[in-house]
Every structure is written in C-alpha cells, then in structure tokens.
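# Geometric and topological summary
Given next are the chains, with one letter for each unit.
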Amino acid sequence: MASAPPTTVPPTEGGSSKKKFNIGTRKSKLALLQTDIVLDALKKAWPEYEFEIHSKETAGDQNTKIALREFTTKNLWTQELEDLMLAGHLDLIVHSLKDVPTLLPPTCALGAVMEREDSRDVLVMKQGLPPKTLSELPAGSVVGTSSIRRTAQLARKYPHLKVLDVRGNIGTRLSKLDAEDSPFTCLILAAAGLLRLGLGDRITQYLDSKNGEMLYAVGQGALGIEIRKDDQVVIEMLNKIGHRQTTLSCLAERSLLKTLEGGCSAPLGVETEWVQGSDGAQKLRMRSIVVSVDGKESSNVEVDGDVNSPEEAEAFGVKVAKELVSKGADLILQVIQQNKQTS
C-alpha cells in the first residue's frame, strides 16, 4: 500500500508547505502507547515531517460508572477528538478500531488500519487464585466485563457463571480484580491491550472459536486512523503505513456490523483469518455470531470469500450479515432494540 510522496501540500499561513502534523488520541496509558506505534511508523516513512501528539479525555473516559450497554450514543470514545479535527486542530486521530462507530461524521473517513495485534479475548484470573479455563470455573464464579457481546456469549456457553460489570482502563480493572475485597474471580479482556502494555503474563487463557467458544469484537486488536475525508496529503501519507490484510479484514467486519445496524452494544462476535482456497488464492474466512442477552438464542455462520479490495470487503461483510439474518440474527437484534426502548 505504498505511495509516492504527497504532491499537493496545503500552504501554511506563512506560505510554505505544511511540515507539521498534529495527532489526536485519548489520554489513557494504552491509547498513548498505541499512538506511539503510529508515530514511529510515520516518522520512519516520512522523516522530513514533524508530528506532535495531543491527548484529550472523551465521554467514555469521563464516565466509568455506567455500564457500556446503558449508553445511548455510539461515539463515546471519538466525538471530542473528531470535533478538534474538524475544527482544524488535529490532522489525524489514532483509535482502537473496535471503539470507532461504523458510521463516521460525513466529513471524516478511516484513513488506514495498522497491522493487527492478537485480536482474541482472554481470561485473566485474580492474583492468588489457581489458573483455570472458563470451562473449569466452578458455578457462581464472578466474571468481570462490561461488554454485552461477552456477557451474551458467556450466558450461552457458561450459564453457571455470574457476570458483573467492571469499567475503567486496564490498570484500573486489574486493580479491581486483585483487590482483597474484590467480588471478581476473573476478567475477560482483549489480548491486544495486555500485550501492548507488557502484561501478557496475566493471561490465563486465550479465547476463540476453538478455545472457550468466544468470538471477539469487530476491529479488536487493530489501530484505526481517522482523518478528514478530503485531506489528500494525509491520505497519501497513511498509504505508506497501513497494513493491507488487516485493513481488508477489518473493513469486512465493520461492513457486517454496519449492515446489522449494530454498534458497540450489539452482542455480535467475529473471527477472521486468511486461508488458502482450493484455487490457491488467499480467501478471507469470517466466523460470526449474534447472541441474545440471556444466551438462549443465537445465530452463527462461517463464510469464505474473495476479498482483494475495500469494495470486496464491504460486499463480503454484507454477505455474511445476510447469512446471519437468514438464521435469525435480525429477530435477536429486534428484541434487544425493543428492550432498550422500553427500559
């Protein structure tokens, strides 16, 4: 996805070419670390330019008491930064892609997706307790998560476990888990955040379709870079650092979510991998599941497709969504939406 250097650089107030670019991010330790990953890639690709990081708290950072499923807005982690970018104070924003709504402001776009870290969910046991897998946890064990996706999949496969909301950044959640008076037996977290923070030793079990039967969130483990849609300079800059296979798989996942009209509160799990087809060509394999909050109803599929462009990724996501709907996903989502409106 490399490109030639930008040819149309907007002039600064002084009349010279723009040489400095402002990068926006949230203020958490993980968000800043992830932004450094993008910063290092940009510096390597474009050593002639300067980049400066600006951090800001978002609504999701400021309110850590309410469970994620209770929020009515989907842009908890993005809006404040988008406002700054649209006002011209930022040139690009680094996000955890799973936090980015599938519908962006009309003047914004997803400019690039970096190579994905491990996309799986993981089980983290309370310090001092013997390591166990999800299936080994005794009845009544308390699992900490604020994700409706995880809650629904746990209810489906492990109805003997209790789920309790836990919010905050990774350090805060681990502190809540390990506290002497903690009600939690374990947490379910994203592997990527723990690995990026050097906390991989806390992982007790990696969870996927074969281990624990838990699928992850759309875009999980990937870093998405949001830009102004008409900023050709930044678009061309990012072409040098984006990762093709990650971009295509994440675009397909986001297309699936968008088609189902879900969001961060929809109990949709995915798992994508690149496999070799019978014709020798690389194909994208997507597994996906939609589960009712009580775990009693579910719709799941596994589909392979030819995905060689953003357009094909979009079409593939739509195809997978239609297969899920044909197996009852729309009815599950309708019930969830009705319950939200009446609660």
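Just above sits the structure.
Residues numbered from 1 in each chain as written. Predicted model: local features only at pLDDT ≥ 70, side-chain atom pairs only at ≥ 80, totals over all residues. Heavy atoms only, no water.

### A closer look at the overall build of the protein chain
The condition that has to hold: Numbered from the N terminus, helices here are DSSP runs of H or I no shorter than four residues, and strands are runs of E no shorter than two. When a residue's accessible area, from a 1.4 Å probe over protein chains only, is under 20% of the maximum for its type it is buried; when over 50% it is exposed; and in between it is partly exposed. By definition in these notes, contact holds between two residues if any of their heavy atoms fall within 4.5 Å. Per-residue and other accessible areas were derived by the Shrake-Rupley procedure at a 1.4 Å probe size, with only the shown protein chains allowed to occlude residues.
The helix and strand tally for the protein chain stands at ten helices and 13 strands. Burial statistics for the protein chain: of 343 residues in total, 51% are counted as buried. For the protein chain, long-range pairs separated by at least 24 residues make up 70% of all intrachain contacts whose partners lie at least 6 apart in sequence. Carbon and sulfur atoms provide 49% of the accessible area of the protein chain, an area that totals close to 15,900 Å².

### Some words on the packing of aromatic side chains
For clarity, the cut-off: Ring pairs shown here join Phe, Tyr and Trp side chains whose ring centres sit within 6.5 Å, with only the six-membered ring taken for Trp; geometry is labelled stacked below 30 degrees between planes, edge-to-face above 60, and tilted in between. Whether a charge sits over a ring depends on NZ of Lys or CZ of Arg being within 6 Å of the ring centre and within 35 degrees of the ring normal.
Enumeration according to the criterion identifies three aromatic pairs in this entry. For the ring pair Trp46 and Tyr49, a centre distance of 5.9 Å and an interplane angle of 20° mean the geometry is stacked. Among the aromatic residues, ring-to-ring pairing joins Phe21, Trp46, Tyr49 and Phe51 into one connected group. The aromatic ring of Trp46 is capped on one face by Lys240, whose charged end is 4.5 Å from the ring centroid.

### Concerning the side chain of Gln205
Rule in force here: Under this definition, polar contacts are N or O atom pairs within 3.5 Å; protein pairs additionally need one hydrogen-donor-capable and one acceptor-capable atom, and for neighbouring residues in sequence, both atoms have to be side-chain atoms.
By secondary structure assignment, the location of Gln205 is in strand β9 (residues 205-207). For Gln205, the side chain forms a polar contact with the main-chain nitrogen of Leu134, separated by 2.9 Å. Among all residues touching Gln205, those that are not within four sequence positions of it are Asp121, Val122, Leu123, Thr133, Leu134, Asn211 and Gly212.

### Overview of the nonpolar core
Side chains of a nonpolar character, in soluble globular proteins, are inclined to be buried together. Keep this limit in mind: In these notes, a set of buried Ala, Val, Leu, Ile, Met, Phe, Trp, Tyr and Cys residues joined through side-chain atoms within 4.5 Å is what counts as a nonpolar core.
Core analysis: the biggest nonpolar cluster contains 24 residues, and Leu256, Leu260, Leu268, Val290, Phe316, Val320 and Leu324 have the highest contact counts within it. Taken together, the elements giving at least two residues each to this core come down to α8 (244-259), β11 (268-276), β12 (282-291), β13 (298-305), α9 (310-326) and α10 (329-342). If you tally residues by element for this core, the top one is α9, at five residues. Discounting residues that sit within four places of it in the chain, Leu260 has contacts with Leu268, Val290, Ala321, Leu324, Val325 and Leu333. Ala41, Ala45, Leu92 and Val234 belong to the second-largest nonpolar core, a separate cluster that totals 23 residues.

Interpretation in functional terms is not warranted from these geometric data alone.
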